[in-house]
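Breakdown of the fold
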Amino acid sequence: MSSPEAQAYRLLTEYTNGFMVSQVLFAACELGLFDLLSEAPEPLGSAAVAARLGTSSHGTRLLLDTCVSLKLLQLESRGGQASYRNTELSGTYLVRASPKCQVNMLAYLARTTYRCWGHLAQAVRDGKNQYQEAFGVASDELFTAIYRSDGERVQFMRGLQDVWSVSGRPVLTAFDLSPFRLICDVGGCSGALAKQCAALYPGCRVTVCDTPDVVRTAKEHFGSREEEEEEEERIGFWEGDFFKDPLPEADLYILARVLHDWSDERCSHLLTCIHGACRPGGGVLVIESLLDADGRGPLTTQLYSLNMLVQTEGRERTPAQYAALLAPAGFRDARCRRTGGLYDAILARK
Ligand SMILES: C[S@@+](CC[C@H](N)C(=O)[O-])C[C@H]1O[C@@H](n2cnc3c(N)ncnc32)[C@H](O)[C@@H]1O
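Residues numbered from 1 in each chain as written. Predicted model: local features only at pLDDT ≥ 70, side-chain atom pairs only at ≥ 80, totals over all residues. Heavy atoms only, no water.

With that settled, consider the domain arrangement of the protein chain. Each domain of the protein chain was delimited in the assignment, giving domain 1 (4-94) and domain 2 (167-349). Computed over C-alpha atoms only, the centres of domain 1 and domain 2 are separated by 36 Å. (Domains from an automatic or database assignment.)

Here it is as structure tokens:
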């Protein structure tokens, strides 16, 4: 049995090395390791992996064995030769051909989010995001900084949609949305959640509301797959500034990971605009990672809230804090459903 002091030191080491674990994951994805192993007809040895990826034999061996310890790869021994194959985790979430692939989000975290987190102490001092420090871009207009180039916009949009292949159904079925025929996905980005909504509720039409550049990018880069053609016919786009331009009339407004970008004042303004456009008896569905009632957990949501500090103007909130924003805007009867996943849902009515 180790002493409390030794246990504490082990915990400290685990926290200290956390960033190295993220980097192993990011590097393996960037190199295409998991794609290679999923395409190979049988497990591959280290030399074969190095040859096909064009990487050094020394570095490849270290990376492969670390991935085994992280349960991202499984080691097999054949005739005394070590070979590697994907585990269920990497095969499901880290292979590009998998329908639940999260690799675009990992790439965004590796290239953009990681750099902002390098300035976390300064963000805590300043109480604001770190685009100026990390990328040399002003962030007076938040999404001008986030979308600072066409490439960055596409990367952000690709990254953000990954999670809905895992969490889309749970958040959209937390409440029965079938009574809502006309739905607006406000800040709907690439339209990934809108497509799932259209698939789950065949009686609805969904309008994706976003900025002109995002709508153009969604149309250019995020077309529907063949099996999604029926849903696509029930999806439309609205382009504008949701703080300034009147939103289309609808029965339900989805706000997925939108309110967490903004201060209470801007959220109140947006919710008041939505209330004005909402049909009588309609509602708003807020989809966010929710803090516990006392705000002291879960850790993942607390980390997301710090992420909002370094990357946005907002924060994650408790259900009561969302209810306190919804009520003055005219939305009543806010009900919260936890999904057990990363994102939860709150439905409130006009
Ligand atoms: C954090 S993203 C969430 C995207 C999507 N709902 C999701 O959860 O994947 C916020 C979205 O709000 C959009 N947005 C930000 N400011 C906007 C504005 N003033 N008018 C319209 N859309 C805006 C962004 O372009 C982006 O698509």
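With that out of the way, let us pick up the nonpolar core. Counting 48 residues, the largest nonpolar core has Tyr253, Leu255 and Val284 as its most contacted members. When residues in this core are grouped by element, the largest group, five residues, is from helix 16 (residues 264-277). Ignoring any residue separated from it by four or fewer positions in sequence, one finds leucine 255 in contact with Val186, Leu270, Leu271, Ile274, Val284, Leu285, Val286 and Ile287. Of all hydrophobic cores here, the second largest spans 27 residues; its members include Phe175, Ala194, Ala198 and Ile235. (Core = buried A, V, L, I, M, F, W, Y, C linked by side-chain atoms within 4.5 Å. Buried < 20%, exposed > 50% of the residue type's maximum accessible area, 1.4 Å probe, protein only. Helix = DSSP H or I, 4+ residues; strand = E, 2+ residues; numbered from the N terminus. Contact = heavy atoms within 4.5 Å.)

To continue, consider the sheet that holds strand 3 (residues 182-186). Ordered by their spatial adjacency, seven strands build an open sheet running 5-4-3-6-7-9-8, and the pairing between neighbours is mixed. In this open sheet, the two edge strands, each paired with only one partner strand, are strand 5 (235-239) and strand 8 (332-337). The average angle at which neighbouring strand axes cross in this sheet is 20 degrees, direction not considered. Along the sheet face, helix 14 (residues 212-221) touches strand 4 (205-210) and strand 5 and points at about 150 degrees away from the line of strand 5. (Pairing = 2+ DSSP bridges. Axes fitted to C-alpha atoms, helices over the stretch in contact; angles between N-to-C directions.)

By nearness alone, 18 residues border the ligand, and Tyr147, Gly187, Asp210, Phe242 and Ala256 come closest of all. Between the ligand and tryptophan 164 there is a distance of 3.0 Å, counted from an oxygen atom to a side-chain nitrogen or oxygen. The separation between a nitrogen atom of the ligand and a polar side-chain atom of aspartate 241 is 2.9 Å. Within the complex, 95% of the 590 Å² of free accessible area of the ligand lies under protein. The residue makeup of the shell around the ligand, split by class, is eleven nonpolar, three polar and four charged. (Near = heavy atom within 4 Å. Polar contact = N/O pair within 3.5 Å; in protein donor to acceptor, adjacent residues only side chain to side chain. Areas by Shrake-Rupley, 256 points an atom, 1.4 Å probe, with all protein chains shown as cover. Nonpolar A, V, L, I, M, F, W, Y, C, P; charged D, E, K, R; others polar.)

Turning to the packing of helix 7 (residues 103-117) against helix 11 (residues 150-162), a few remarks are in order. Two elements in contact, helix 7 and helix 11, have axes separated by 7 Å at closest approach and are oriented at 130 degrees. Here helix 7 lies oblique to helix 11, going by the angle between them. Between helix 7 and helix 11 the crossing geometry is left-handed. Contacts between helix 7 and helix 11 involve Val103, Asn104, Met105, Ala107, Tyr108, Arg111 and Thr112 from the former and Glu152, Gln155, Phe156, Arg158, Gly159, Leu160 and Asp162 from the latter. Considering only residue class, the contact of helix 7 with helix 11 consists of six nonpolar, four polar and four charged. (Parallel < 35°, antiparallel > 145°, perpendicular 65-115°, else oblique. Left-handed = near helix turned anticlockwise from the far one by under 90°.)

As for its placement among the helices and strands, serine 190 is situated in the loop between strand 3 and helix 13 (192-200). Polar side-chain contacts of serine 190 include one of 2.8 Å to the side chain of glutamine 161.

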